[in-house]
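Each chain, letter by letter, is given below.
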Amino acid sequence: MDATQLLKGVLDVAVLAVLNTEDGYGYDVLRRLRSAGLDDVGDASVYGTLRRLYSAGALTTYVVPSDEGPHRKYYALNNTGRDQLARSAKVWRSFASTMDVLLTEQGVPA
Amino acid sequence: MSTVSGTNAVTGASTGSETGTGTTASRTAEIAGYLGGVRAALADLDPAVRDGLLEDLPEHLVEVAAADASPLQARLGAPATFAAELRSAAGLAPTLSPAKLRDPSLSSADLARAFLQRADRSLGRTTGYESVREFLVVLQPTWWLLRGGSLVLSFLAGSGYLPEWEHNGGRMIGSLFLALVGGLVSVRLGRAVQASTAGTRVVSTIISAFCIIPVVYVLSQFLRV
């Protein structure tokens, strides 16, 4: 099965989750997702997801100037974003455990 | 606006190379070229949407270039591919060029959407705005005010309070004041709904559409007087 197709549906949750622990700029969010094991995640997908979550009012931004490069725009969760994360995480966990049970019950080896 | 921030970021990159963080002049040109390619592939978007989408892309590309010595295209794909992925992740409809419109595999829904997008933009230009949608957004608070005020006035008319008002200055001022309060509450509600989930927005739009009834009723009453 193609992991990139699955990823499309859950990228919102993944991005929100990564920002839940610490605010981050676009490249930083991408790096954290990849080091968490989502190797297939694309730059444009993460970047577009951040912009969409921001337009939807789930994220706030602030700019941090940097001496040694361009300024960095940090994204942070607001209450809407935290609510969305809590709701989506619940949906994902229930979905994942349903799939787990289904596969186990049908005798598919792990 | 994004052009300005883009220039800043690219300038920032060249400053970075001077202080030794590793972006050469050719790299800066490469970043600018890539950005131009992505921008061109998004040319059909509403300028405000496009600028929002590209707002911090320059700095992102500088980060990518600094972390990865290989050419940008090798890591990110062609600018058009990047733009298509960006468009899809940002929840925007893919572009349909005139050539693609003749593709027989397109569903009638795709064709209808492309037609509506085109009509939206060409009709919008007659108002001096980018699209009809953009023009309607400007009118939105007026609708909220009208719907709230009309609901209050219709309610007052229904409860038998309003018919007397032409002969009663106190009631007239009172009714108009209540209508204004209703209108302002409705504007607050409209703003709150805008910030809520997609489901709430759909339900609210359906409810709001029914407000056309009190609005028409109140306007017809006023025109008769």
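The model shown is predicted, which means the values in this text are computed figures rather than measured ones. (Residues numbered from 1 in each chain as written. Chains lettered and ligands numbered in written order. Predicted model: local features only at pLDDT ≥ 70, side-chain atom pairs only at ≥ 80, totals over all residues.)

1. Describing the overall build of chain B
Each helix and strand counted, chain B has twelve helices and zero strands in total. Going from N to C terminus, chain B has its helices and strands arranged as α-α-α-α-α-α-α-α-α-α-α-α. Out of the 225 residues in chain B, the part that is buried amounts to 24%. For chain B, the share of sequence-separated contacts (at least 6 apart) that also reach a separation of at least 24 residues comes to 58%. (Helix = DSSP H or I, 4+ residues; strand = E, 2+ residues; numbered from the N terminus. Buried ≥ 20, exposed ≤ 12 C-beta atoms within 10 Å, placed from the backbone. Contact = placed C-beta atoms within 7 Å.)

2. As for the overall build of chain A
Secondary structure summary: chain A contains four helices and three strands in total. Listing every helix and strand of chain A by position from the N terminus yields α-β-α-α-β-β-α. A fraction of 50% describes how many contacts in chain A between residues 6 or more apart in sequence connect residues 24 or more apart.

3. Structural notes on the interface of chain A and chain B
Often, the extent of an interface is quoted as the loss of accessible area on bringing the components together. Tallying the contact residues gives 19 residues for chain A and 26 residues for chain B. Put simply, the parts of the chain that give the side of chain A that touches chain B at least two residues each are helix H2 (26-35), helix H3 (43-55) and strand S3 (72-77) of chain A. Broken down by class, the residue content of the side of chain A that touches chain B amounts to four nonpolar, nine polar and six charged. (Nonpolar A, V, L, I, M, F, W, Y, C, P; charged D, E, K, R; others polar.)

4. Thoughts on the packing of helix H1 (residues 3-21) of chain A against H2 of chain A
Residues and elements named next belong to chain A. Between H1 and H2, whose axes approach to 10 Å, the crossing angle comes to 105°. In terms of orientation, H1 lies roughly perpendicular with respect to H2. Residues Ala14, Val15, Val18 and Leu19 of H1 lie in contact with H2, whose contacting residues are Val29, Arg32 and Leu33. Broken down by class, the residue content of the contact of H1 with H2 amounts to six nonpolar, no polar and one charged. (Axes fitted to C-alpha atoms, helices over the stretch in contact; angles between N-to-C directions. Parallel < 35°, antiparallel > 145°, perpendicular 65-115°, else oblique.)

5. Overview of H1 of chain A
Residue and element names in this part refer to chain A. The principal kink in H1, of about 60°, is found at valine 10. For H1, the full list of buried residues reads Leu11, Ala14, Val15, Leu16, Val18 and Leu19. Residues of H1 that are buried make contact with strand S1 (24-25), H2, H3, S3 and helix H4 (79-105). (Bend = angle between axes of the 7 residues up to and from the residue.)

6. Quick look at the nonpolar core
In terms of nonpolar packing, the biggest core is built from 41 residues, with Val15, Val29 and Val46 of chain A together with Val38, Leu61 and Leu86 of chain B touching the most fellow members. Among the elements that line this core, the one with the most residues is H1 of chain A, at six residues. Once residues lying within four places of it in the same chain are set aside, the contact partners of valine 29 of chain A are Val15, Val18, Leu19, Gly24, Val46, Leu50 and Tyr75 of chain A. Leu151, Leu153, Leu156 and Ala179 of chain B belong to the second-largest nonpolar core, a separate cluster that totals six residues. (Core = buried A, V, L, I, M, F, W, Y, C linked by C-beta atoms within 7 Å.)

7. Things to note about the sheet that holds S1 of chain A
Two modes of strand pairing occur in sheets, parallel and antiparallel, and in both the strands are linked by backbone hydrogen bonds. If you trace the three strands from one edge of the open sheet to the other, you get S1-S3-S2 (chain A), paired in antiparallel fashion. Each of the sheet's edge strands pairs with one partner strand only, and the pair in question is S1 and strand S2 (59-64) of chain A. (Pairing = 2+ DSSP bridges.)

8. Quick notes on the packing of helix H2 (residues 25-41) of chain B against helix H4 (residues 57-67) of chain B
Residue and element names in this part refer to chain B. Running from N to C, H2 and H4 cross one another at 135°; their axes reach a closest spacing of 10 Å. Considering the angle they form, H2 stands oblique to H4. The element H2 and its partner H4 pack so that their crossing is right-handed. Between H2 and H4, the contacting residues are Arg27, Ile31, Tyr34, Leu35 and Val38 on the first element and Leu57, Pro58, Leu61, Val62 and Ala65 on the second. Its residues placed into classes, the contact of H2 with H4 shows nine nonpolar, no polar and one charged. (Left-handed = near helix turned anticlockwise from the far one by under 90°.)

9. Comments concerning the pairing of S3 of chain A
Residues and elements named next belong to chain A. As paired strands, S1 and S3 are joined by two bridges and run antiparallel to one another. In the strand pairing of S3, glycine 24 is matched with tyrosine 75. Here six bridges tie S2 to S3, and the two strands are oriented antiparallel to one another. Residue pairing across strands places tyrosine 62 opposite tyrosine 74, the latter belonging to S3.

10. Notes on the confidence of the model for chain A
Summing up the model confidence of chain A, the mean pLDDT is 90 and the portion of residues at 70 or higher is 98%. Per-element mean pLDDT across chain A ranges from 88 in H1 of chain A up to 94 in H4 of chain A. (pLDDT = per-residue confidence, 0-100.)

11. What about the confidence of the model for chain B?
All names here are of chain B. Residues with a pLDDT of 70 or more make up 81% of chain B, whose mean pLDDT is 78. When mean pLDDT is compared element by element in chain B, helix H6 (residues 79-89) scores highest at 90, while helix H1 (residues 2-18) scores lowest at 39. Taken as a whole, residues 1-22 scores under 50 in pLDDT and shows 42 contacts with residues more than four places along the chain or in a different chain. Model confidence for the complex is summarised by a pTM of 0.55, with the ipTM given as 0.84.

12. Things to note about the environment of leucine 7 of chain A
With respect to the helices and strands, the residue leucine 7 of chain A is situated in helix H1. In this structure leucine 7 of chain A touches Leu38, Asp40 and Val41 of chain A, once residues within four positions along its chain are discounted.

13. Regarding the environment of aspartate 110 of chain B
Residue and element names in this part refer to chain B. The residue aspartate 110 is located in helix H8 (residues 108-126) in this model. With 16 C-beta atoms counted inside 10 Å, the residue aspartate 110 sits in the partly exposed group. For aspartate 110 and alanine 93, which are 17 residues apart along the polypeptide, the C-alpha to C-alpha distance reads 9.9 Å.

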